Every structure is written in structure tokens, then in C-alpha cells.
Amino acid sequence: MTGSAGPGSTGPGSTGPGSTGPGSTGPGSTGPGSTGPGSTGPGSTGTGSIGRRAVLALGSNLGDRLATLQGGVDALLGPPGLALVALSPVYETVPVGGPPQPEYLNAVVIADTELTLPHPRAQERAFVLAPWLDADPDAEIPGRGRVAALLDAAVARNGGQPGVRRLDGVTLRAPA
């Protein structure tokens, strides 16, 4: 994947400061937490749990942003290891911190995996929480609370401005 992986990304496969891990495509892209093994979400296409539920937040703000997100989805879900549970709508979001930069496209992939890779600030990030809420309206971050309430709190901390906007009609697709 090319382009920035999220506001302030630095992991391999990204070009900006603050990435959450190798191959990261967005802030929190290694997964902000688990909603628990064995559950299913809206739009589920997975074949059942293969371990833990992971939420992978994807983001891009350079070049063909949508193609970069789709490339991330394809790279994550193409090989074995992740079973797709849900794929959120695409959001356009303002950058969080860092130097002036273009707006992002963000989305969330919910998948079952053997790995658990939480991001320590997922509960503060509207660009993670808003798409996640669309993909799984009942989602919770263990020890932090329901995603809906966390999103409300994140918006309140931002002076009532969400900083994210759902792009109706813009979608990602699961790999064939």
C-alpha cells in the first residue's frame, strides 16, 4: 500500500508519524480491541470464530485514497488468517494532530483472528469509533465501554464537532 497510513503514521507500509504497527493503514490499524470471540456482527460474511474478534481501522490521505483503502482490505482479507465479520462504510475525516495535511478516508474491518492487537487510544478516536459503530452497533471495547457512548464522548471532547463524515454511496468490498 502506498500513501499515508493515517494521521501521523510511521509503521512499515506507511509514510507518516505514529502508525500502530507493521503494514499499518491507519491509526489504530492493528485493532483497537476485541469484542469477544465467537460473536457475529451485522453484515457478517465470516464462517465463525477462529479466535478473537479484532477491529482494524484503516485510513489513507494521499493519492487515490479509496484505492489505498481497498488495497488494505484486499491485503488483510485475501490470505488466510482473518475471517471477515463486517466492513464499515467509508468516512471522510479531518486529520488529528500533526502538520497540515489532506483529509482522510477511514473505514473499519471487523474480523475474527488468532491475534489480539489493541490500540491504546481507540476509545478516543472518532475516525475509528464512527465506522466501527456502523459495522457493529453493539460493539464494546472491554474495560472502556460501548462504542456508541465512546463516540459521543469523543465528539463532546472535540467541542461537539465529530470531525468525521460518512460518505454515502462510497463502499469497500470484501475480496472474492
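Note that the structure is predicted; figures quoted are calculated from it, not measured.

Criteria and thresholds
Residues numbered from 1 in each chain as written. Predicted model: local features only at pLDDT ≥ 70, side-chain atom pairs only at ≥ 80, totals over all residues. Heavy atoms only, no water. Buried < 20%, exposed > 50% of the residue type's maximum accessible area, 1.4 Å probe, protein only. Helix = DSSP H or I, 4+ residues; strand = E, 2+ residues; numbered from the N terminus. Pairing = 2+ DSSP bridges. Salt bridge = Lys/Arg side-chain N within 4 Å of Asp/Glu carboxyl O. pLDDT = per-residue confidence, 0-100. Contact = heavy atoms within 4.5 Å. Core = buried A, V, L, I, M, F, W, Y, C linked by side-chain atoms within 4.5 Å. Arc of directions from axis to C-beta.

**Observations regarding the pairing of strand β1 (residues 52-60)**
Note on strand geometry: in a regular strand, side chains alternate between the two faces of the sheet.
Next, step 1: Among the nine residues of β1, eight are classified as buried, and the element is accordingly described as predominantly covered.
Next, step 2: For β1 and strand β4 (residues 104-113), the ladder comprises nine bridges, and the chain directions are antiparallel. Across the sheet, the residue bridging to R52 is T113, located in β4.

**Description of the pattern of salt bridges**
Next, step 1: One pass over the full model with this rule turns up seven salt bridges.
Next, step 2: The closest approach of N and O atoms between R53 and D112, which form a salt bridge, is 2.6 Å. Here R53, found in strand β1, pairs with D112, found in strand β4; they are 59 residues apart in sequence, far enough to count as distant. Each member of the pair, R53 as well as D112, carries the same accessibility label: buried.
Next, step 3: Through salt bridges with shared partners, a single ionic network connects R65, E92 and R165.

**Considering the confidence of the model for the chain**
Next, step 1: Averaged over every residue, the pLDDT of the chain is 74; the share at 70 or more is 69%.
Next, step 2: Across residues 1-49 the pLDDT falls below 50, and counting only partners more than four positions away or on other chains, this stretch makes 146 contacts in the model.

**Examining the nonpolar core**
One recurring pattern in soluble globular proteins: nonpolar side chains tend to sit buried together.
Next, step 1: Formed by 23 residues in total, the largest nonpolar core has its most connected members in I110, L129, W132 and I141.
Next, step 2: Residue assignment for this core shows that the elements contributing at least two residues are β1, β2 (83-87), β4, α2 (126-135) and α3 (147-157).
Next, step 3: With seven residues, the top contributor of residues to this core is α2.
Next, step 4: Listed in part, the 13 residues of the second largest apolar core include L58, L69, L77 and L172.

**Describing the pairing of β2**
Next, step 1: For β2, a buried count of four out of five residues is recorded, marking the element as mostly surrounded by other parts of the structure.
Next, step 2: With four bridges joining them, β2 and β4 adopt antiparallel strand pairing. Bridged to A86 within β4 is I110.

**What about α3?**
Next, step 1: Along α3, the residues classified as buried are V147, L150, L151, A154 and V155. The arc that holds every buried residue of α3, seen down its axis, measures 140 degrees, which confines them to one face. α3 presents D152 and A156 as exposed residues on the side facing more than 90 degrees away from its buried surface.
Next, step 2: Two residues or fewer past α3, G159 is found with a positive phi of approximately 70 degrees.

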